[in-house]
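# Survey of secondary and tertiary structure
Listed below, chain by chain, are the residues.
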Amino acid sequence: MCGIVGYVGKEQAAPILLDGLSKLEYRGYDSAGMAVYDGEKIVINKSTGRLKVLSELTHDGENMPGHIGIGHTRWATHGEPTETNAHPHFNESKTIAVVHNGIIENYLKLKNLLIERGYQFVSDTDTEVVAHLLDYYYKKYDKDPLTAVVKVIHRVEGSYALGIIFADYPDVVYSVRKDSPLIVGKAKEGNLIASDVPAVLKYTRDVYFIENEEIARLTEDTIEFFNVDGEPIQKQSKHIDWDINAAEKNGYEHFMLKEIYEQPKAVRDTISPRIKDGKIIIEELGMTDEEIRSIKKIHIVACGSAYHTGVTNKYIFEGLARIPVEVDLASEFRYRNPIFEEGALVIIISQSGETADSLAALRLAKEKGVKTLGIVNVVGSSIAREADKVMYTWAGPEIAVATTKAYSCQLVAQYLLALKFAQVRGQITDEQLKEYLHEIEMLPNQIEILLGNKERIQKFANRYVAAKDVFFIGRGIDYAISLEGSLKLKEISYIHSEAYAAGELKHGTISLIEDGTLVTAVVTQEELYKKTISNIVEVKTRGAYVLAVTNDDNLDIEKTADSVIYIPKTNAYFTNSLAIIPLQLFAYYVSVGKGLDVDKPRNLAKSVTVE
Ligand code: F6R
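Since we're looking at a predicted model, the values are computed, not measured.

### Thoughts on empty space enclosed by the protein
Under the defined criterion, the tally for this structure stands at three cavities of 30 Å³ or more. Its boundaries defined by the atoms lining it, the largest cavity holds a volume of some 70 Å³. In terms of lining, the largest cavity is formed by 13 residues, of which the most central are Cys 2, Thr 77, His 87, Gly 102 and Asp 126. Partitioning the lining of the largest cavity into residue classes produces four nonpolar, seven polar and two charged.

The structure is reproduced here in structure tokens:
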């Protein structure tokens, strides 16, 4: 994970680096640092804790003069989050500074070789190896920085996006990537590198997406690219037309709350361009009807919340399109030697498009010659670029670490896909399709209605800030909703929480229920209503306090549950889009009630670019 930035130009570098890092803090926030060439030497400032500590230390960058520099915000992998381990890292003579996002897998071997050659290490990081290795090759190859970078990337294994400055070349930033994201921004007053587009949007909308093992060399007014052997290559820039305000809080206390409230728009933006005159048009799918009919199996592969959307949509692809679906966690899928049959389609779901395991799963499927489709939010991200086809979710930038609006968009994108497949394969009539689409088009307004009920959920959440354990139960799609409700709560409130298939409770977990334990029962699937009610009775008999989330016509649930949250009626396949809203709000208000950092929960980062 981690975020890197770099700048060379007419302006003072440090404030620009800090500003860029503030847009990348979602990638890691346990320490931060900057290296700036001050006219005579490279100066490094770094600190543990949030970026604001570094801002204070450097007076918002003002006390670091110089027009060229690199910066880093860290999510520790190798070495604890201490000041010494924070980036940038120097070579011994402090003439080369490096920032790094990724993991150098063979760092121990390289470290030992360098120690044998007399290099001394000060940190526990894998990155310091890069600084010393650069030093080694720089000296060996006539102080030529490009050759040194080329030699280093031939030696290191793993993932990296690197920003590098050399004191001998005080007007050049070098950068290179493999399996960690990197973009170059071309601005009027100078040029920039960054891990992600929002970090440069204030200065430019013209960016280059750097591919694996491509090297960028930036000066104030030139940008050159080289391949892995140091030969010049040409690249085209892309114009980014995102709304810059989308990455600001706009008066909300937290990004998470803002993003929860953006869900009606995000869902609408994801579905409306794809529904025309009662038909589903997914042009980017690039599949003929014949190809859709020939799909024999779908593998949905993702991590975390994105995986949960796959668990839900398995029911929909199987129920409506009658295509068998396997849903896998990407970190398991890539190592389980999956069997791909003729006619398989692999769907990779990812907000960031950079999740290391999901990307590896995609590459595995491609290697085996299987068709791949990415459902991705970040335009131009690695998964979006590498998948055979990409269907974007139009959630806009999602900043809070806990996903909400991207999750909701991933759900509806898959609903449309499942319905498209169902219709082409003759499993539903045009009339049925119209009805399903009508229900889907109502979802944004129904989400709005649910968002209007936040005070009641806030009050309820305040009662549970001291909870020790919370359980979420449900059957079928309600179980999938429970998985996400539970993850939301635990990741931002640090309350232990588990989601259980309601029928599975009595096979062990029910022994954890004590007097007053909160059990949230999701009961939106009418066919399973009575079964889940029995499970509610089981936990209540053991002392649980039950909060039910159910459809607004299930009034008699009040006889069994202690509290009830009603959701507007929709088709059973689409209830996840509504039932998740109160659960997101519940998690949010518990976290706020506990005074926690909602947007940046401990130990997490938004984009998991390490395995
Ligand atoms: C939880 C959350 C994570 C992500 C997961 C996958 O709130 O956000 O579980 O869903 O890390 O990330 P992406 O979708 O970027 O691949």
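### Structural notes on the side chain of Ser 381
Topologically, Ser 381 is positioned in the loop between strand S21 (371-376) and helix H12 (382-386). On the basis of relative accessible area, Ser 381 is assigned to the buried category, the value being 2%. Side-chain polar atoms of Ser 381 contact the backbone oxygen of Val 378, separated by 2.7 Å. Not counting the four nearest positions on each side in its chain, Ser 381 is found in contact with Ser 352, Gly 353, Glu 354 and Val 376.

### Remarks on the pairing of strand S6 (residues 96-104)
For a regular strand, the rule is simple: side chains alternate between the two faces of the sheet. Counting buried positions over the nine residues of S6 gives nine, a clear majority of the element. The pairing of strand S5 (residues 89-90) with S6 spans two bridges and is antiparallel. Each bridged residue has a counterpart across the sheet, and for His 89 the counterpart in S6 is Val 98. Sheet analysis places S6 next to strand S7 (residues 158-166), joined by nine bridges and oriented antiparallel. Within the sheet, the bridge partner assigned to Asn 101 lies in S7 and is Ala 161.

### Let's talk about the sheet that holds strand S26 (residues 545-551)
One open sheet holds the five strands; their spatial order is S24-S23-S25-S26-S27, and the pairing between them is parallel. Each end of this open sheet is capped by a strand with a single partner; those strands are strand S24 (496-501) and strand S27 (563-567). Neighbouring strand axes in the sheet, compared pairwise and without regard to direction, differ in orientation by 20° on average. Bridge count between strand S23 (residues 469-474) and S24: six bridges; the pairing is parallel. Across the sheet, Gly 474 pairs through a bridge with Ala 501, a residue of S24. Taken strand by strand, helix H18 (residues 576-593) contacts S23, strand S25 (518-523), S26 and S27, and its axis lies near 160° from that of S25.

### Some details on helix H17 (residues 529-541)
Look at H17: 18 Å from first C-alpha to last across 13 residues, which is about the 18 Å you get at 1.5 Å a residue. The complete set of buried residues in H17 reads Tyr 529, Thr 532, Ile 533, Asn 535, Ile 536, Glu 538 and Val 539. Elements in contact with the buried residues of H17: S23, S25 and S26. Positive backbone phi, approximately 100°, marks Gly 543, located one or two places after H17.

### A word on the layout of surface pockets
As a volume, the largest pocket reaches approximately 630 Å³. Trp 242, Asn 377, Gly 396, Pro 397 and Glu 398 are, among the 40 residues lining the largest pocket, the residues nearest its centre. Sorting elements by how many residues they give to the lining of the largest pocket places helix H7 (residues 263-271) first, with three residues. Of the residues belonging to the lining of the largest pocket, the class tally is 17 nonpolar, nine polar and 14 charged. Counted as a void, the second largest pocket has a volume near 520 Å³.

### Here we look at the environment of Ile 477
Looking at the secondary structure, you find Ile 477 in helix H16 (residues 477-493). The exposure class of Ile 477 is buried, given its relative accessible area of 3%. Here the alpha-carbon distance between Ile 477 and Thr 524, two residues 47 residues apart in the chain, equals 8.3 Å. Setting aside chain neighbours within four positions, we find Ile 477 in contact with Thr 312, Tyr 315, Ile 316, Gln 525, Ala 572, Tyr 573, Thr 575 and Asn 576.

### Overview of the side chain of Lys 111
Along the chain, Lys 111 turns up in helix H3 (residues 107-116). Salt bridges are absent for the buried Lys 111, whose nearest opposite-charge side chain, Asp 124, sits at 5.5 Å. Not counting the four nearest positions on each side in its chain, Lys 111 is found in contact with Phe 121, Ser 123 and Val 129.

### Let's talk about H3
Those residues of H3 lying buried are Tyr 107, Leu 110, Lys 111 and Leu 114. The buried side chains of H3 occupy one side of the element, clustering within an arc of 105° when seen end-on. Turned more than 90 degrees off the buried face of H3, the exposed positions are Leu 108, Lys 109 and Glu 116. In this structure, the buried residues of H3 make contact with S6, helix H4 (127-140) and helix H5 (145-155).

### A closer look at the packing of aromatic side chains
Counted under the stated rule, the structure contains 16 aromatic pairs. Their ring planes at 35° and their centres at 5.2 Å tell us that Tyr 138 and Phe 166 sit as a pair that is tilted. Taken together, the positions of Tyr 138 in helix H4 and Phe 166 in strand S7 put the pair 28 residues apart, joining distant regions of the chain. With relative accessibility at 5%, the residue Tyr 138 sits in the buried group. Overall, Phe 166 belongs to the buried group, its relative accessible area being 2%. Considering the side-chain rings of Tyr 415 and Phe 574, the 4.7 Å spacing of their centres and the 40° angle between planes classify their relative orientation as tilted. Pair noted here: Tyr 415 is in helix H13 (residues 405-424) and Phe 574 is in the loop between S27 and H18, with a separation of 159 residues, a long-range link.

### Topic: the site of the ligand
Within the structure, the ligand sits among 14 residues, and Ser 350, Gln 351, Ser 352, Thr 355 and Glu 491 are positioned closest to it. Val 401 has a polar backbone atom sitting 3.4 Å from an oxygen atom of the ligand.

### Some words on the packing of helix H15 (residues 454-462) against H18
Running from N to C, H15 and H18 cross one another at 50°; their axes reach a closest spacing of 8 Å. Between H15 and H18, the angle falls in the class oblique. As for the relative orientation of H15 and H18, their crossing is right-handed in sense. Note on element contacts: H18 touches H15 through Pro 582, Leu 585, Phe 586, Tyr 589, Val 590 and Gly 593, opposite Lys 454, Ile 457, Gln 458, Phe 460, Ala 461 and Asn 462. Of the residues belonging to the contact of H15 with H18, the class tally is eight nonpolar, three polar and one charged.

Parameters and conventions
- Starting afresh in each chain, residues are numbered from 1 along the sequence in its written order.
- At least 70 in pLDDT is required for a residue's local features to be given in this predicted model, at least 80 for side-chain atom pairs to be given and counted, and no such filter applies to totals for whole chains, interfaces and linings, which use all residues.
- Computation of side-chain values: all heavy atoms of the structure, hydrogens and water removed.
- A pocket here means an open set of points on a 1 Å grid, computed over the protein atoms alone, that has protein on both sides within 12 Å along at least five of seven lines. A cavity is instead a set of points where a 1.4 Å probe fits but cannot get out; residues with an atom within 4 Å of a point line either one.
- Grid points are joined across faces, edges and corners, and a volume is the space filled by probe spheres set on the points.
- Gly counts as polar in this scheme, as do all residues outside two lists: the nonpolar Ala, Val, Leu, Ile, Met, Phe, Trp, Tyr, Cys and Pro, and the charged Asp, Glu, Lys and Arg.
- Here a strand is any run of E in DSSP of at least two residues, a helix any run of H or I of at least four, and the numbering for each starts at the N terminus.
- A 1.4 Å probe rolled over the protein chains alone gives each residue an accessible area, and that area as a share of the maximum for its type sets the label: buried under 20%, exposed over 50%, partly exposed in between.
- Think of a polar contact as two N or O atoms within 3.5 Å of one another; within protein, one of them needs to be a possible hydrogen donor and the other a possible acceptor, and neighboring residues in sequence only count if both atoms come from side chains.
- We call two residues in contact when some of their heavy atoms are within 4.5 Å.
- Should DSSP find at least two bridges between two strands, the strands are regarded as paired.
- To get an axis, fit a line to the C-alpha atoms, keeping to the stretch in contact for a helix; angles then go from 0 to 180 degrees between the N-to-C directions.
- In this analysis, the expected span of each helix is defined as 1.5 Å times one less than the number of residues it contains.
- Only four residue types enter the tally: Lys and Arg on the positive side, Asp and Glu on the negative side, with His and both chain ends excluded.
- Salt bridges are counted wherever a side-chain nitrogen of Lys or Arg sits within 4 Å of a carboxyl oxygen of Asp or Glu.
- Note: the arc covers the axis-to-C-beta directions of the helix.
- Think of it this way: a Phe, Tyr or Trp ring, Trp meaning its six-membered ring, pairs with another when their centres are within 6.5 Å, and the plane angle makes it stacked under 30 degrees, edge-to-face over 60, tilted otherwise.
- Throughout, the term near means that a residue has one or more heavy atoms lying within 4 Å of the molecule or strand in question.
- For classification, angles of less than 35 degrees are called roughly parallel, those exceeding 145 degrees roughly antiparallel, those between 65 and 115 degrees roughly perpendicular, and all remaining angles oblique.
- Less than a right angle of anticlockwise turn of the near helix away from the far helix marks a crossing as left-handed, whereas a clockwise turn marks it as right-handed.

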